[in-house]
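Structural overview for review
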Amino acid sequence: MKKINVKIIYFLSFLLTSIYLLWRVFFTLPWNGSLFQIIFGILLILSEIISSFTAFIFIYNKSKFKEISEPKVGKKSFPDVDIIIATHNESYDILYKTVNAACHIKYPDKKKVHIYISDDSNREYVRKLAKEFSIKYISIENNKHAKSGNLNNALKQMSSPLIANFDADMIPFSDFLMETVPFYITNFKKISKKNLSKKIKPLGLIQTPQSFYNPDIFQYNIFAEKKLTNEQDFFSREINVLNNSSGSAVYTGSNTLILRKAIDEVGGFPTDTVTEDFELGVLINSHGYESMSTLEPMASGLTPTDFRSMLKQRTRWARGVVRSFYNVHILTNKNLTLPQRLTFLNSYLYWWSFLRRLLYIFAPVIFVLSGIKVVDANFWLLMFLWAPAYFLLHHSLSVASGNIRTERWGEIQETVLAPYLFIPVLLETIGIKEKKFKVTNKDSSSNKFQLLYALPYILLWILVFVSIVKFNYGKFGSEIMYGSVITFWLLTHLFNLTFAIFICIRRPIYRKFERFKLNTDCLIKQRGRKFKLKTNDVSESGISVISNHPIYLNPNLPVTVVIRRNRYQAKFKCDLIRVASDNNTWTYAFKIAKFKKKSFNEYLQIIYDGFNNYLPTERDQWLTAWDVLLINISKRLSFDKGTKKINHQKSDSADFYPNVSVNESAEVNHVSAKMTNFAFDFLVLKFEDSIDDFKDHECIICHDVIFKSNHVSKYGVNSYRFDISNLKKLSKQNHFKELIRKWGIVF
């Protein structure tokens, strides 16, 4: 769409929305009603004003956005960097992956990279982990300021001009420093030029987008982990990138490169809030520094997989941002520019969107069930002023947004969080603080159906449904039309609440480790035989590879796998657990059995040094929310949870061999047949007529090769499966090898 047309759309949207809101303020408040009606009516109007205000901040930032150009700098100019990994109670396995990745980060001179583990729990295994990787361990006694105290204590022992910080579960990509440090080098050079020193602000902070290698509950619990993006992507990869237009990208606590001088000038990490990251970012901006967000994720971590942990995390964020907003006096802080104040005001107002969502839900319900009006308006005037403004504003947001999220999914996410976050926001606003910093549990497992958490949505769903029935029952023709606005909002809320209930119904997670989609070279070796193949996916416990030809591998013997990706190479022993075929492509799944330490570290990098391509970075534009709703209804009515438990143990019924379609003449007891399938441990014969007198022990002759069976079973119409008992003997015969090679099997 041409820029001039987009600007016209934005202008008309702003104009119509402003006219509508003015009309709402001056002509629709129920002044003749009760005190409750007046208060609710005022709150509803304020909600609409704030909602429109935040929408136009987004549109304004989009109109001012400039593409980020990657700076080119000489390798000799790269300064020293301290990397700090803050840890509280994370497990050894989680920490190991993060530390291993930090040690693999690229840099022109690795001697200039100093890695620290800052442990405020003084755990011996963390100390040993630091020693194993030859990095520095920092501990703290009697830490009274949670993560802030931990980081401030670590700062006392660090001296590099730049500091990269990562949460314990955030695995940095190897290009992290090479993608971020050049921005500082370029900034340093510009400031050093006298004619530019007053025009260029120093760069204080670079935030790379948060990303996650496992699906969140908003994706996974509604069977959309391959169709919808992570719920946090919209802020990290769109909103925060647009905040660059004001030089005030929000600091989100990890995957960040910060100027040490800026931290020192503001007095270190703030200790009067549970979101020290957000407040530090504001303070850095208020001291004359700019902050920016890059486009591409440079680290990936774990997102909570259960509802309780997610709520605990969001409650901490909500309380922290509200507290920080008042701590640094954002609205009256003269050291912040107006665009910066609007950016941080927008972040603050986001946490009030949950109260707004509840007001939107209750407004039509109260009117239908009690007859109490909170909006006093003529239907035709409402349609004339509201409808054009509402739909044009949503169209403008759609034009301004990328392909990460739609407004519909934003409303659903607000609905999910609304009942649980509006109270903490209110409490923090009136000064009732949370007493303890609560760390989010990323490994939590809870009841499959979290009934207590679903209860508010179920009650609201019932209220809305009853309201729809009561409001429309017995109405016909023009009566339905005059009530269409009320019905529209009730149906919208019913739709959103249905998803909220579904999101509370937890799908079982059977995999211990996430699979990563990966296509890279690998070598499969067994008993002197070598096969050059491509990987399909990898995880810490297993690997699957793809072949264009069926390959025979002995499932009773170990397989050696050598896998390469970029500068990494890993070699390890595996057990074959499954063979599958699809459209003449053969997939071999292996369970990893044995590693050497160096190969294990390299293999972790092969997995985690990059985004998990099984997860989408953009939403599926062909998939609507209605499609997802129908998928969920279908899945849940059929009790199909969409994820089957994976059996990594060998069993007699496992498919260890490729099942190959063939078309060969064969003979059993002098009866002619066609061999249609061969899978090493069994073959399938099709006869002209049904035969019922087969014995378990039969001999099948095909091109002078004699297959002996020990079991026969029905396989289809006039088809029978013969389980082969003499495979070991056959595998030594040349004419057997020649026959299966004729069928395209690599033996």
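Residues numbered from 1 in each chain as written. Predicted model: local features only at pLDDT ≥ 70, side-chain atom pairs only at ≥ 80, totals over all residues. Heavy atoms only, no water.

Once that is clear, we can look at the nonpolar core. Of all hydrophobic cores here, the largest spans 179 residues; its most connected members are Leu177, Phe678 and Phe707. Once residues lying within four places of it in the same chain are set aside, the contact partners of Phe707 are Met675, Phe678, Leu683, Glu698, Cys699, Ile700, Cys702, Ile724, Asn726, Leu730, Phe736 and Leu739. Among the nonpolar cores identified, the runner-up in size contains 15 residues, and Val6, Phe65, Phe234 and Ile239 belong to it. (Core = buried A, V, L, I, M, F, W, Y, C linked by side-chain atoms within 4.5 Å. Buried < 20%, exposed > 50% of the residue type's maximum accessible area, 1.4 Å probe, protein only. Contact = heavy atoms within 4.5 Å.)

Attention shifts here to a nonpolar patch on the surface. A surface patch of nonpolar side chains, about 1,100 Å² in accessible area, is lined by Leu22, Val25, Phe26, Phe27, Trp31, Leu35, Ile39, Ile42, Leu43, Leu46 and Ile49. At the level of elements, α1 (3-27) and α2 (35-64) are the ones that each hand at least two residues to the nonpolar patch. Here the nonpolar patch gets six residues from one element, more than from any other, and that element is α2. Looking at the element boundaries, Trp31 is found in the loop between α1 and α2. The class of Trp31 is exposed, set by a relative accessible area of 53%. (Patch = residues over 30% accessible without salt bridge, like charges linked within 9 Å, V, L, I, M, F, W, Y side chains within 5 Å. Areas by Shrake-Rupley, 256 points an atom, 1.4 Å probe, with all protein chains shown as cover. Salt bridge = Lys/Arg side-chain N within 4 Å of Asp/Glu carboxyl O. Helix = DSSP H or I, 4+ residues; strand = E, 2+ residues; numbered from the N terminus.)

Another aspect to go through is the sheet that holds strand β20 (residues 699-702). An order of β17-β18-β19-β22-β21-β20 is seen for the six strands of this closed barrel, with the pairing classed as antiparallel. The average undirected angle you get between the axes of adjacent strands in this sheet is 45 degrees. In this structure, β20 lies alongside strand β21 (residues 705-716), joined through four bridges in antiparallel fashion. Its bridge partner lying in β21, Ile700 is registered against Phe707. Docked against the sheet, helix α22 (residues 734-742) engages β17 (660-668), β18 (671-678), β20 and β21, running at close to 45 degrees with respect to β21. (Pairing = 2+ DSSP bridges. Axes fitted to C-alpha atoms, helices over the stretch in contact; angles between N-to-C directions.)

This brings us to the confidence of the model for the protein. When pLDDT is low, close inspection of the predicted coordinates is not appropriate. For the protein, per-residue confidence averages 91 on the pLDDT scale, and 95% of positions sit at 70 or higher. Taken together, the stretch residues 645-653 has pLDDT below 50 and engages in twelve contacts with residues farther than four places along the chain or on a different chain. (pLDDT = per-residue confidence, 0-100.)

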